[in-house]
Amino acid sequence: MNAEKRLIIIDDDPDFVSGIKSILEKAEYKVDAAYNPKDGFQALQTGQYDLLLLDIMMGRGAEGIALARKISKDAKLRKMPVLIITSVREQIAFLFPGQAVHPNFVDVDELMEKPVEPKLLLEKVEALLQASKEKQVPAG
C-alpha cells in the first residue's frame, strides 16, 4: 500500500534526510529529497507527491516558513499535507504564542521536533496520508 505513496523531504541537513529517508523507505514509501527550498519547490511543481516533510530552518534562517507559505498559495500544492520537522525547540513568543503552532505562523498539518522517533514519524505520516485521502473522497 505504501509503495504507491510518494513523499518528499526538504531539509538542508543531508544526515537527517538520509536517516528519515531510510525510515520511510523501510515502510515502503517512495521518497525523494531536496536540500534547499528552491530545489524543493521546483520538485514539487514537476512531481506528484502525497506528502511533504519540511524543515523550517534552512539557508539564511526560516526559509522553510517562506516555502510553506508559497505552497499554501499554490492551488495544486496546497492540497498536499505538510509535516514540519524542525529543531526549533523553544516557543518563540512572536511565532508560537501559547499554541503548538500559531494559526498565523504557517498553515501546516502537523509539526514534529527533531530528533524524530521513527515509530511516531510513521504514525504521523500515515495519519496525514489517511486524512488527505478522506478529504479527497467526494461526499455522496
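For the structure, see preceding data.
The structure contained in this document is the topic of the report that follows. Keep in mind that this is a model prediction, so the values were computed, not measured. Within each chain, residues carry numbers counting from 1 in the order of the written sequence. Thresholds applied to this predicted model are a pLDDT of at least 70 for local features of residues and 80 or more for the giving and counting of side-chain atom pairs; totals over whole chains, interfaces and linings are not thresholded and use all residues. Working from all heavy atoms in the structure, the side-chain values ignore hydrogens and water.

### A word on the nonpolar core
So, point 1. Grouped together as the largest cluster of nonpolar side chains are 20 residues, with contacts concentrated most on Ile 20, Leu 24, Leu 53, Leu 121 and Val 125.
So, point 2. Where helices and strands are cited, they refer to DSSP runs of H or I of at least four residues and of E of at least two residues respectively, numbered from the N terminus. Put simply, the parts of the chain that give this core at least two residues each are strand S1 (6-10), helix H1 (14-26), strand S3 (51-54), strand S4 (82-86) and helix H4 (118-136).
So, point 3. If you tally residues by element for this core, the top one is H1, at 5 residues.
So, point 4. Apart from the residues within four sequence positions on either side, Leu 53 is in contact with Leu 7, Ile 8, Ile 9, Ile 10, Ile 20, Leu 24, Leu 83, Ile 85, Leu 121 and Val 125.
So, point 5. To define a nonpolar core, start from buried Ala, Val, Leu, Ile, Met, Phe, Trp, Tyr and Cys residues and group those joined through side-chain atoms within 4.5 Å. Think of it in three bands: with a 1.4 Å probe and only protein chains considered, a residue is buried below 20% of the maximum accessible area for its type, exposed above 50%, and partly exposed in between. Judged by nonpolar contacts, the second largest core, of 19 residues, contains Ala 34, Ala 43, Ile 71 and Val 82. Any two residues whose heavy atoms approach within 4.5 Å are treated as being in contact.

### Brief notes about the packing of helix H2 (residues 37-46) against helix H3 (residues 63-72)
So, point 1. Relative orientation of the contacting elements H2 and H3 amounts to 20°, with a least axis distance of 10 Å. Overall, the two elements H2 and H3 adopt an arrangement that is roughly parallel. Crossing hand, H2 versus H3: right-handed. Where H2 abuts H3, its residues Pro 37, Phe 41 and Leu 44 lie against Glu 63, Leu 67, Lys 70 and Ile 71.
So, point 2. Only Asp, Glu, Lys and Arg are considered charged in this grouping, and only Ala, Val, Leu, Ile, Met, Phe, Trp, Tyr, Cys and Pro are considered nonpolar; every other residue, Gly among them, is considered polar. Across the contact of H2 with H3, the residue classes break down as 5 nonpolar, no polar and 2 charged. Axes, fitted as lines to C-alpha atoms, cover a helix only where it is in contact. Angles between the N-to-C directions of the axes lie from 0 to 180 degrees. In this scheme, roughly parallel covers angles under 35 degrees and roughly antiparallel covers those over 145, while 65 to 115 is roughly perpendicular and the rest are oblique. Less than a right angle of anticlockwise turn of the near helix away from the far helix marks a crossing as left-handed, whereas a clockwise turn marks it as right-handed.

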